[in-house]
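One-letter residues, chain by chain:
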There are 2 protein chains.
Amino acid sequence: MITKNKIKQIKSLARKKHRDELRLFIVEGYKSIRELKNAGLGIEEIFVTNEAQKLDDLHPKTITAAEMKSISNLKTPPGYLAVVKMPEPQALPNEGLILALDNVQDPGNLGTIIRLADWFNVKNVVCSSATVDLFNPKCIQATMGSIARVHVHYTDLEDYLQKSDLPIMIATMSKTSVYDMSLPNNAILVMGSESHGISEELLNLGSAISIPQYSPENDKTESLNVATATGILLAEWRRSTGM
Amino acid sequence: MITKNKIKQIKSLARKKHRDELRLFIVEGYKSIRELKNAGLGIEEIFVTNEAQKLDDLHPKTITAAEMKSISNLKTPPGYLAVVKMPEPQALPNEGLILALDNVQDPGNLGTIIRLADWFNVKNVVCSSATVDLFNPKCIQATMGSIARVHVHYTDLEDYLQKSDLPIMIATMSKTSVYDMSLPNNAILVMGSESHGISEELLNLGSAISIPQYSPENDKTESLNVATATGILLAEWRRSTGM
């Protein structure tokens, strides 16, 4: 049993505005909920249907399939839905390897990038204000528990980069190969958006870095997907600095 | 104007069975059609709506928005739809760096992997028979023109690997770091499926290769996305062999 008011509140979390107001977001699916719980995020409430009973230790509320359908964001609700507290905001970072995202739009890409940051021990991802929302359900689905271990910040990226003392490397399609430079341990690596690359106002705030293309017809190949390019650059960073 | 029979034939191409029978597939959107055309694929027919007239040089047939809606696979048809001939099947490869995919299921991942192969000059991708179909519309959307430059084969992967004389490297979550081994110029790199990794019957057919994890809590991070992992391994291959 779930009240009409509760249904209304949970449904409102499909929108960023309401998520930000309440500082809550939705996670669906047994594995994702378990991951976030294990990673230490605060779970506000858990709802399960009669058929789904694997989260007994977390004291879920049992609701009907029809009730679940009314609060789920998915066409076929997996039967497990949790309302989760957003992590506390943290101060903007000024050391270590920092990843900066300039208007990445696809929630799946953002989720994959945060998992990559987690894998390569990048503790902070600084997003421009126009970057897709981390708590978008599709993004949450792609990050898994990584959002509990990586601090994701939203800010005026131009301002942040201008004020930072760290070396800034900007991923572009230039000829400045990542393999021809010495990568610093403390730095900001800036990745651009899927369709527009790096914003013009950021281009001069750092030095260019790129992944060489090996195809002989290299005027024909499209650019790499932003998540894939981020993975290749972070792997090379960790390999070459040994950190 | 488009006949009922033609509509029926084009709609049938949404299914793999009919694509394979007719050796035709669908591409939608101006940019994708232009890319495939430039890449040298045979275009059978092009349809555009009255509002969309940028492909004049390719002599498209103009149809109504309602007719376009009836043949399009997309909720919001972009107004450009081409019926394209599949590339001719090629003999299975036995030299160079070859990528093998064991049951990759997500069409977006397959598309991204083919773009990566193109970028890193990998001419052949050998897929297990249960790998998602290359000509799935979502996959085509993600490959762009790369499918004209990379040969994608479907076969019994176990049989192919067993018969091959090339060194076989199998991407796993083992501790055998890609950075601790010497990578051969001619080899088969095998990547597993999103949810099940490498099939058990393939595991003993080659040696393990993995991407080291740098996170201190490395029991918690999920595995990398298969397309991202492929990108990191191919980049390291080209960097370390210099080819």
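Model, not experiment: these values are computed from the prediction. (Residues numbered from 1 in each chain as written. Chains lettered and ligands numbered in written order. Predicted model: local features only at pLDDT ≥ 70, side-chain atom pairs only at ≥ 80, totals over all residues. Heavy atoms only, no water.)

Topic: helix 9 (residues 226-241) of chain B
Residue and element names in this part refer to chain B.
No. 1: A rise of 1.5 Å per residue sets the reference length of helix 9, with its 16 residues, at 22 Å; its end C-alpha atoms lie 22 Å apart and thus fit the reference within 8%.
No. 2: Most of helix 9 sits inside the fold, with 14 of its 16 residues counted as buried.
No. 3: N-capping of helix 9 is provided by Asn 225, with a side-chain oxygen placed 2.7 Å from the backbone N of Ala 227.
No. 4: Among the residues trailing helix 9, Gly 242 stands out with phi positive, at a value near 65°. (Helix = DSSP H or I, 4+ residues; strand = E, 2+ residues; numbered from the N terminus. Expected span 1.5 Å × (residues − 1). Buried < 20%, exposed > 50% of the residue type's maximum accessible area, 1.4 Å probe, protein only. Polar contact = N/O pair within 3.5 Å; in protein donor to acceptor, adjacent residues only side chain to side chain.)

Considering the sheet that holds strand 6 (residues 124-128) of chain A
All names here are of chain A.
No. 1: Reading across the sheet, the 6 strands line up as 7-6-5-9-8-10 and stay open at both edges, with parallel pairing between neighbours. The sheet terminates laterally at strand 7 (151-155) and strand 10 (207-209), the two strands that pair on one side only. Each neighbouring strand pair of the sheet contributes to a mean axis angle of 30°, computed without reference to strand direction.
No. 2: In the packing of helix 9 (residues 226-241) onto the sheet, contacts are made with strand 5 (97-101), strand 8 (168-171), strand 9 (187-191) and strand 10, and the angle to strand 9 comes to roughly 160°. (Pairing = 2+ DSSP bridges. Axes fitted to C-alpha atoms, helices over the stretch in contact; angles between N-to-C directions. Contact = heavy atoms within 4.5 Å.)

Some remarks on the interface of chain B and chain A
No. 1: Facing the 37 residues of chain B at the interface are 37 residues of chain A.
No. 2: Between chain B and chain A, a total of about 3400 Å² is buried, with carbon and sulfur atoms accounting for 62% of that surface.
No. 3: Summed over the shared surface of chain B and chain A, the result is 2 salt bridges.
No. 4: In this structure, Glu 236 of chain A and Arg 239 of chain B form a salt bridge, with 3.9 Å as the shortest nitrogen-oxygen distance.
No. 5: If you look at where chain B meets chain A, you find 6 residue pairs in polar contact (both at pLDDT 80 or more).
No. 6: Mapped by element, the contributors of at least two residues to the side of chain B that touches chain A are helix 3 (30-38), helix 5 (107-119) and helix 9 of chain B.
No. 7: In terms of residue class, the side of chain B that touches chain A is made up of 15 nonpolar, 10 polar and 12 charged. (Buried area = accessible area lost by both parts, 1.4 Å probe. Salt bridge = Lys/Arg side-chain N within 4 Å of Asp/Glu carboxyl O. Nonpolar A, V, L, I, M, F, W, Y, C, P; charged D, E, K, R; others polar.)

Some details on the pairing of strand 1 (residues 24-28) of chain A
Residue and element names in this part refer to chain A.
No. 1: Within strand 1, 5 of the 5 residues are buried, leaving the element largely enclosed by the surrounding structure.
No. 2: A two-sided burial pattern is seen for strand 1, the buried positions comprising Leu 24, Ile 26 and Glu 28 on one face and Phe 25 and Val 27 on the other.
No. 3: Relative to strand 4 (residues 80-85), strand 1 is paired through 5 bridges, and the arrangement is antiparallel. When the bridges of strand 4 are listed, Val 27 appears paired with Ala 82.

Looking at helix 1 (residues 4-12) of chain A
No. 1: Residues of helix 1 of chain A that are buried: Ile 7, Ile 10 and Ser 12 of chain A.
No. 2: The elements touched by buried residues of helix 1 of chain A are helix 2 (16-22), strand 1, strand 2 (43-49), helix 4 (65-71) and strand 4 of chain A.

Points about the domain arrangement of chain A
All names here are of chain A.
No. 1: Under the domain assignment, chain A is made up of domain 1 (4-85) and domain 2 (97-241).
No. 2: Put simply, the middle of domain 1 and the middle of domain 2, counted by C-alpha atoms, are 31 Å apart.
No. 3: On the domain 2 side, the residues contacting the 13 residues of domain 1 number 12 residues.
No. 4: Broken down residue by residue, the surface that domain 1 buries against domain 2 is led by Arg 19, Phe 25 and Glu 35, which jointly contribute 37%.
No. 5: The tally of links from domain 1 across to domain 2 stands at 1 salt bridge.
No. 6: Linking Arg 19 and Asp 133 is a salt bridge whose minimum nitrogen-to-oxygen distance equals 2.8 Å. (Domains from an automatic or database assignment.)

A look at the pairing of strand 7 (residues 151-155) of chain B
All names here are of chain B.
No. 1: Examined bridge by bridge, strand 6 (residues 124-128) and strand 7 share 5 bridges and lie parallel to one another. Bridge pairing links Cys 127 to Tyr 154 in strand 7.
No. 2: Viewed along the sheet, the connection from strand 6 through helix 6 (residues 137-143) into strand 7 turns out right-handed. (Right-handed = clockwise from strand over helix to strand, strands pointing away.)

Some words on the side chain of Thr 230 of chain B
No. 1: Structurally, Thr 230 of chain B is set in helix 9.
No. 2: Apart from the residues within four sequence positions on either side, Thr 230 of chain B is in contact with Leu 99, Ile 113, Leu 116 and Met 191 of chain B.

Some remarks on the nonpolar core
No. 1: If you look at the biggest cluster of nonpolar residues, it comprises 107 residues, and the most contacted ones within it are Phe 25 of chain A together with Phe 25 of chain B.
No. 2: Phe 25 of chain A has contacts with Arg 19, Leu 36, Leu 41, Ala 82, Val 83, Val 84, Lys 85, Met 86, Phe 135, Ile 140 and Ile 147 of chain A, leaving out every residue within four places of it along the chain. (Core = buried A, V, L, I, M, F, W, Y, C linked by side-chain atoms within 4.5 Å.)

A few points about the sheet that holds strand 2 (residues 43-49) of chain B
Through backbone hydrogen bonds, the strands of a sheet pair up, either in parallel or in antiparallel fashion.
Residues and elements named next belong to chain B.
No. 1: Strand order in the open sheet formed by 4 strands is 1-4-2-3, with mixed pairing between adjacent strands. Strands with a single pairing partner mark the edges of an open sheet, and in this sheet they are strand 1 (24-28) and strand 3 (61-63). Sheet twist, expressed as the mean angle between neighbouring strand axes with direction ignored, is 25°.
No. 2: Both strand 2 and strand 4 (residues 80-85) contribute to a ladder of 5 bridges, which runs antiparallel. Among the inter-strand pairings, Val 48 is bridged to a residue of strand 4, identified as Tyr 80.

Notes on the relation of the copies chain B and chain A
No. 1: For the pair chain B and chain A, the superposition axis carries a translation of 0.0 Å, the fit reaches an RMSD of 0.0 Å, and the rotation angle comes to 180°. What we have between these two chains is a two-fold relation.
No. 2: Comparing interface residues between copies, 100% of those in chain B also sit at the interface in chain A, which points to an isologous, same-surface contact. (Least-squares fit on C-alpha atoms with pLDDT ≥ 70 in both.)

Some details on the packing of helix 5 (residues 107-119) of chain A against helix 9 of chain A
Residue and element names in this part refer to chain A.
No. 1: Following both chains from N to C, one finds helix 5 and helix 9 inclined at 10°, their axes separated by 9 Å at the closest point. By the angle class used here, helix 5 and helix 9 are roughly parallel. Between helix 5, through Asn 109, Thr 112, Ile 113, Leu 116 and Ala 117, and helix 9, the contact on the second element is made entirely by Val 226, Ala 227, Thr 230, Gly 231 and Leu 234.
No. 2: Of the residues belonging to the contact of helix 5 with helix 9, the class tally is 6 nonpolar, 4 polar and no charged. (Parallel < 35°, antiparallel > 145°, perpendicular 65-115°, else oblique.)

Quick look at the pattern of salt bridges
No. 1: Applying the stated criterion across every chain, the model contains 17 salt bridges over all chains.
No. 2: Salt-bridge contacts for Lys 6 of chain B lead to Glu 45 of chain B; the nearest nitrogen and oxygen are separated by 2.8 Å. Pair noted here: Lys 6 of chain B is in helix 1 (residues 4-12) and Glu 45 of chain B is in strand 2, with a separation of 39 residues, a long-range link.
No. 3: A relative accessible area of 12% places Glu 45 of chain B in the buried class.
No. 4: Glu 45 of chain B serves as the salt-bridge partner of Lys 61 of chain B, at 3.0 Å between the closest nitrogen and oxygen. Of the two residues, Lys 61 of chain B is situated in strand 3 and Glu 45 of chain B in strand 2; the sequence distance between them amounts to 16 residues.
No. 5: A relative accessible area of 39% places Lys 61 of chain B in the partly exposed class.
No. 6: Taken together, the shared-partner salt bridges in this structure form one network comprising Glu 236 and Arg 239 of chain A together with Glu 236 and Arg 239 of chain B.

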